[in-house]
Amino acid sequence: MGAVTEDFAKKCEVKHNETLGRYVIAASDIRAGETLLQEQPVLLLPHAGDRRCCNCHKLTTTFCGQCRLLPLCVECVSHDGRDCSRLAAVQLKEEQLEQLQAQTEISDALRYLLLREHPETQAQYEKLLQMDSQLALRRDSDIWRSYRDQVVAPLQSSGLLLQLRNGAEIDEELLQRLLGIADINAYEIRAPEAGGAMRGLYMRAGLFAHSCMPNLVTAIDEQRHIKVYASCAIAAGEILYNCYTNLLLGTDERRHILKTGKCFDCQCARCLDPTELGTHMSSFVCNSCPGGFIVRQPETGVWQCLLNGEHTLKSEFVANVLERAKEEVFHARDDIYRLELLLAKLRRLLHGNHYVMLDLKQNIASILRQILQDMAHRPNRKVYERKIRLCQEILLVLKDVAPGLNRLKAIALYELANTQAELARKLFSEQEHDAADLLTELQQTEIMTREALRMLIYEPISTPEGQLARNMLKELKELQNDMKVLQQPNDDVVV
């Protein structure tokens, strides 16, 4: 693990300053879609509280029968032989062993320490120690105290550490540093089970600085290899930015995640703009000013109307509204009628582009996709038009917050194109549109599908997005065949 291609050395240059720590700039001009890094993970780790098999990474409650310290599911007969042999040689009492097995984060710490144990991986361990851990900022925080109680104290009291190489050097400072490196630098990756997530630690990919307006895209395939490529043209000398959080969250949400998880305050242009680049993804409606919106001023923290500064909202009111709204969204999931009612209700309080509203729109569009795919529902024209409108509204936001190549934007555009084409075919089959109308709609669909494909073509083929791109190529050929048929002089065209 940890192998890196030559792209990084040729196209990237590592720098350092007091604000960003280590960061990366472009060593030369870079084209949109150009690959900057392909890398294997140094370590694969579960999320906090999860216990995963160290061989297949499925969730498990069982341990290896030999070393008895690393999780191993019942379907796997073994894991890394060096790690197993080394831990099996450790002498522990039964109660000490049970104490270590009880804490899920113990196995994370052991994975780091095992890199330190083996001559073949000591160089990797030394490089890993150079990664940022934000140790000073994490000291005596809640996470620091949690790791002290759940990892440091059990390992020290068991006597296990003293049985490792130079075990006297493994103190709380080192353990907190190793755990902090994963928390600060790891990427979230897909787990084996549907919808599951785990973490991957990549030495080079962890060097890219954060911005909520990134110029990089990261893609992780089924083998957990990471690919980093440019989302737009980047000039030599420009800082290379990845986004550590969800672009479709509001500023306060994003900054809270970054502060608690990564220990820094984002100062990107989007975070410092109260309107979030004009999208109003965090804005409230001002009920006193027609067309007015209340935004949080970053300098003062005051929620203030853009048209009349005397119209304000209390921070407590904003927090309560959002908390209740998120609860209602959660309980309304999969119920399209409740979701539509909630969307209408919140429209009186939140801007139509507010991130909670966008979440609602995505949920509704997802349900509509299922309805349209099941012809037993016999969806009418309004169902198609509703999904089209939702896709258009989501795309308008994504074009501002995610210019250049972007997976979410590509998928939304594909959904829009596909739905428009299906509606056009339906209207043609029902004789509401003639062949010329259908051809015009399919030509527009072709343009949108090509643009969506252009944004997904750089994705690794084994990712869901890579598979979608492959399917889109097939659909594009079928679409072009349909268009050829329509262009033929034939009164009995069937598409």
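Residues numbered from 1 in each chain as written. Predicted model: local features only at pLDDT ≥ 70, side-chain atom pairs only at ≥ 80, totals over all residues. Heavy atoms only, no water.

Draft legend 1. How the structure looks around the overall build of the protein. Along its length, the protein carries 17 helices and 14 strands. Taking the principal axes of its C-alpha atoms as reference, the protein extends roughly 85 × 60 × 50 Å. Residues counted as buried form 50% of the 495 residues belonging to the protein. Considering only intrachain contacts with a sequence separation of at least 6, the fraction spanning at least 24 residues in the protein is 63%. For the protein, the exposed area adds up to about 24200 Å²; of that, 49% sits on carbon and sulfur atoms. Within the protein, one finds 59 positive and 68 negative side-chain charges whose respective centroids are separated by 1 Å. (Helix = DSSP H or I, 4+ residues; strand = E, 2+ residues; numbered from the N terminus. Buried < 20%, exposed > 50% of the residue type's maximum accessible area, 1.4 Å probe, protein only. Contact = heavy atoms within 4.5 Å. Areas by Shrake-Rupley, 256 points an atom, 1.4 Å probe, with all protein chains shown as cover. Lys, Arg positive; Asp, Glu negative; His and termini not counted. Charge placed at Lys NZ, Arg CZ, Asp CG, Glu CD.)

Draft legend 2. Highlighting the environment of Gln487. Mapped onto the elements of the fold, Gln487 is located in helix H17 (residues 464-487). Distance from Gln487 to His225, taken between C-alpha atoms, is 45 Å for residues 262 residues apart in sequence. Once you skip the residues sitting within four places of it in the chain, Gln487 turns out to touch Leu439 and Gln443.

Draft legend 3. Expanded view of the packing of helix H11 (residues 315-332) against helix H13 (residues 355-373). For the pair H11 and H13, the least separation of the axes is 11 Å and the interaxial angle reads 5 degrees. In terms of their interaxial angle, H11 and H13 are classed as roughly parallel. For the pair H11 and H13, contact is made by Leu322, Ala325, Lys326 and Val329 and by Tyr355, Val356, Asp359, Leu360 and Asn363, respectively. Of the residues assigned to the contact of H11 with H13, the class counts are six nonpolar, one polar and two charged. (Axes fitted to C-alpha atoms, helices over the stretch in contact; angles between N-to-C directions. Parallel < 35°, antiparallel > 145°, perpendicular 65-115°, else oblique. Nonpolar A, V, L, I, M, F, W, Y, C, P; charged D, E, K, R; others polar.)

Draft legend 4. The arrangement of the sheet that holds strand E5 (residues 187-190) in detail. In spatial order, the strands read E4-E6-E5; together these three strands make up an open sheet with antiparallel pairing. Looking at strand neighbours, the two that pair on one side only are strand E4 (43-45) and E5, the edges of this open sheet. Averaged over neighbouring strand pairs, the angle between their axes works out to 40 degrees when direction is ignored. Across three bridges, the pairing between E4 and strand E6 (residues 197-201) is antiparallel. Of the residues in E6, the one forming a bridge with Leu44 is Gly200. Across the sheet, helix H4 (residues 106-117) is in contact with E4 and E6; its angle to E4 comes to roughly 170 degrees. (Pairing = 2+ DSSP bridges.)

Draft legend 5. Summary view of the nonpolar core. Ranked by size, the top nonpolar core spans 74 residues in total, and within it Phe284, Leu346 and Val356 carry the most contacts. Among the nonpolar cores identified, the runner-up in size contains 46 residues, and Cys73, Leu110, Leu115 and Met131 belong to it. (Core = buried A, V, L, I, M, F, W, Y, C linked by side-chain atoms within 4.5 Å.)

Draft legend 6. Quick peek at the side chain of Arg199. Mapped onto the secondary structure, Arg199 falls in strand E6. Judged by relative accessible area, Arg199 falls into the buried class, the value being 11%. Within the local environment of Arg199, its side chain forms a polar contact with the backbone oxygen of Pro46, the two atoms lying 3.1 Å apart. Within the structure, the side chain of Arg199 is placed 3.0 Å from the side chain of Asp183, a separation counted as a polar contact. Apart from the residues within four sequence positions on either side, Arg199 is in contact with Leu43, Leu44, Leu45, Pro46, His47, Asp108, Ala182, Asp183, Ala186, Tyr187 and Ile189. (Polar contact = N/O pair within 3.5 Å; in protein donor to acceptor, adjacent residues only side chain to side chain.)

Draft legend 7. Examining the packing of aromatic side chains more closely. Scanning the model with the defined rule gives five aromatic pairs in all. An angle of 80 degrees between the planes, with centres 6.1 Å apart, marks the rings of Tyr244 and Phe264 as edge-to-face. Placement of the pair is Tyr244 in the loop between strand E10 (241-242) and helix H9 (251-262) and Phe264 in the loop between H9 and helix H10 (269-272), with a sequence separation of 20 residues. When the ring of Phe284 is compared with that of Trp303, the centres are 5.7 Å apart and the planes differ by 70 degrees; the resulting orientation is edge-to-face. Of this pair, Phe284 sits in strand E11 (residues 284-285) while Trp303 sits in strand E13 (residues 303-305), and the two are 19 residues apart along the sequence. Look at Phe284 and you get buried, because its relative accessible area is 1%. Overall, the relative accessible area of 6% leaves Trp303 in the buried class. Directly above the aromatic system of Tyr244 lies the positively charged group of Lys262, at a separation of 5.8 Å from the ring centroid. (Phe/Tyr/Trp six-rings, centres within 6.5 Å; stacked < 30°, edge-to-face > 60°. Lys NZ or Arg CZ within 6 Å of the ring centre and 35° of its normal.)

Draft legend 8. Representation of the pattern of salt bridges in the model. Evaluated as defined, the whole model comprises 37 salt bridges. One salt bridge connects Arg52 with Glu193, and the closest N-O pair in it is separated by 2.6 Å. Of the two residues, Arg52 is situated in the loop between E4 and helix H2 (81-88) and Glu193 in the loop between E5 and E6; the sequence distance between them amounts to 141 residues. What makes Arg52 buried here is its relative accessible area of 6%. (Salt bridge = Lys/Arg side-chain N within 4 Å of Asp/Glu carboxyl O.)

Draft legend 9. Layout of the packing of H4 against helix H8 (residues 172-185). The N-to-C vectors of H4 and H8 enclose an angle of 105 degrees; their axes lie 10 Å apart at closest approach. When the interaxial angle is binned, H4 and H8 end up roughly perpendicular. Residue-level contacts link Asp108, Ala109, Tyr112, Leu113 and Arg116 of H4 to Leu174, Leu175, Leu178, Leu179 and Ala182 of H8. Split into classes, the residues belonging to the contact of H4 with H8 amount to eight nonpolar, no polar and two charged.

Draft legend 10. Examining the environment of Gln488 more closely. Examined against the element boundaries, Gln488 turns out to sit in the segment after H17. Residues Gln488 and Ile143, 345 residues apart in the sequence, show an inter-C-alpha distance of 68 Å.

Draft legend 11. Examining the sheet that holds E13 more closely. Taken in spatial order, the four strands line up as E11-E12-E13-E14 in an open sheet, and their pairing is antiparallel. In the strand order of this sheet, the two ends are held by E11 and strand E14 (312-313), each with one partner. In this structure, E11 lies alongside strand E12 (residues 293-296), joined through two bridges in antiparallel fashion. Within the sheet, the bridge partner assigned to Val285 lies in E12 and is Phe293.

Draft legend 12. Geometry of the pairing of strand E2 (residues 21-26). Counting buried positions over the six residues of E2 gives five, a clear majority of the element. Note that strand E1 (residues 12-17) and E2 share six bridges and pair antiparallel. Residue pairing in the sheet places Asn17 in a bridge with Gly21 of E2. Hairpin remark: E1 followed by E2, antiparallel, with three residues in the connecting loop.

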